[in-house]
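Take a look at the letters that make up each chain.
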Amino acid sequence: MTACTRSKVLSLYTRVFRVARTWQAQSGVKADTETERKYIKQEARTLFRQNQQLTDPEVIKTRIAECEARLDIGLHYSNPYPRATYLPPLGLATLKGRNLGVQQRLRKQAKPIYLQSHDET
């Protein structure tokens, strides 16, 4: 990891924790605010630790873009949780279907950048 990339990742990490510290739940309920703050901190720690060992510059750029996108979306919608993903038409196939591979490829292509670090559910 280059010095520039390292400083960008560290500034992004501190930005996430600053947002978590000042986060206010949209409902205005104190318990909701605390729950959402804990979620932001836990999610940031988990994902940053998960991606700590990355060495490929392209993958690192993708993860930085993912973090920035999630942060911007969370601030815009006042919701720290990931947004729902929508499957393309014909994205769901029965297990009996012959085109299951095509359906899986469609689902993978439809996955937004802000959820690239998350495993398939």
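Details of the structure are given in the entry above.
Predicted, not measured: the structure shown is a model, and the values here were computed from it.

**Some remarks on the environment of Asp56**
- Summarising the element assignment, Asp56 is placed in the loop between helix 2 (30-50) and helix 3 (57-77).
- With 55 residues separating them in the primary sequence, Asp56 and Met1 have C-alpha atoms 8.2 Å apart.

**Focus on helix 1 (residues 3-22)**
- The end-to-end C-alpha distance of helix 1 is 29 Å, a good match for the 28 Å that 20 residues give at a rise of 1.5 Å each.
- Contacts from the buried residues of helix 1 go to helix 2 and helix 3.

**Section: helix 3**
- An ideal rise of 1.5 Å per residue puts 30 Å on 21 residues; helix 3 measures up with 30 Å between its terminal C-alpha atoms.
- Every buried residue of helix 3 is listed here: Ile60, Ile64, Glu66, Cys67, Ala69, Arg70, Leu71 and Gly74.
- Ser78 lies just past helix 3 and shows a positive phi near 55°.

**Remarks on the layout of surface pockets**
- If you add up the space inside the largest pocket, you get close to 730 Å³.
- Lining the largest pocket are 31 residues, and of these Tyr13, Ala44, Leu47, Phe48 and Cys67 lie nearest its centre.
- Taken together, the elements giving at least two residues each to the lining of the largest pocket come down to helix 1, helix 2 and helix 3.
- At 9 residues, the largest contribution of residues to the lining of the largest pocket is made by helix 3.

**Focus: the packing of aromatic side chains**
- All chains considered together, the criterion is met by 3 aromatic pairs.
- Residues Tyr13 and Phe48 carry aromatic rings whose centres are separated by 4.8 Å and whose planes lie at 80° to one another, so their mutual orientation is edge-to-face. Of this pair, Tyr13 sits in helix 1 while Phe48 sits in helix 2, and the two are 35 residues apart along the sequence.
- Residue class for Phe48 comes out partly exposed when judged on its relative accessible area of 22%.
- Ring geometry for Tyr39 and Tyr81: centres 4.6 Å apart, planes at 50°, overall tilted. With Tyr39 in helix 2 and Tyr81 in the loop between helix 3 and helix 4 (100-110), this residue pair connects regions lying 42 residues apart in the sequence.
- Linked through ring pairs, Tyr13, Phe17 and Phe48 together constitute an aromatic cluster.

Rules and cut-offs
- Residues numbered from 1 in each chain as written.
- Predicted model: local features only at pLDDT ≥ 70, side-chain atom pairs only at ≥ 80, totals over all residues.
- Heavy atoms only, no water.
- Helix = DSSP H or I, 4+ residues; strand = E, 2+ residues; numbered from the N terminus.
- Expected span 1.5 Å × (residues − 1).
- Contact = heavy atoms within 4.5 Å.
- Buried < 20%, exposed > 50% of the residue type's maximum accessible area, 1.4 Å probe, protein only.
- 1 Å grid on protein atoms, 1.4 Å probe; cavity = no way out; pocket = protein on both sides within 12 Å on 5 of 7 lines; lining within 4 Å.
- Points joined across faces, edges and corners; volume = space filled by probe spheres on them.
- Phe/Tyr/Trp six-rings, centres within 6.5 Å; stacked < 30°, edge-to-face > 60°.

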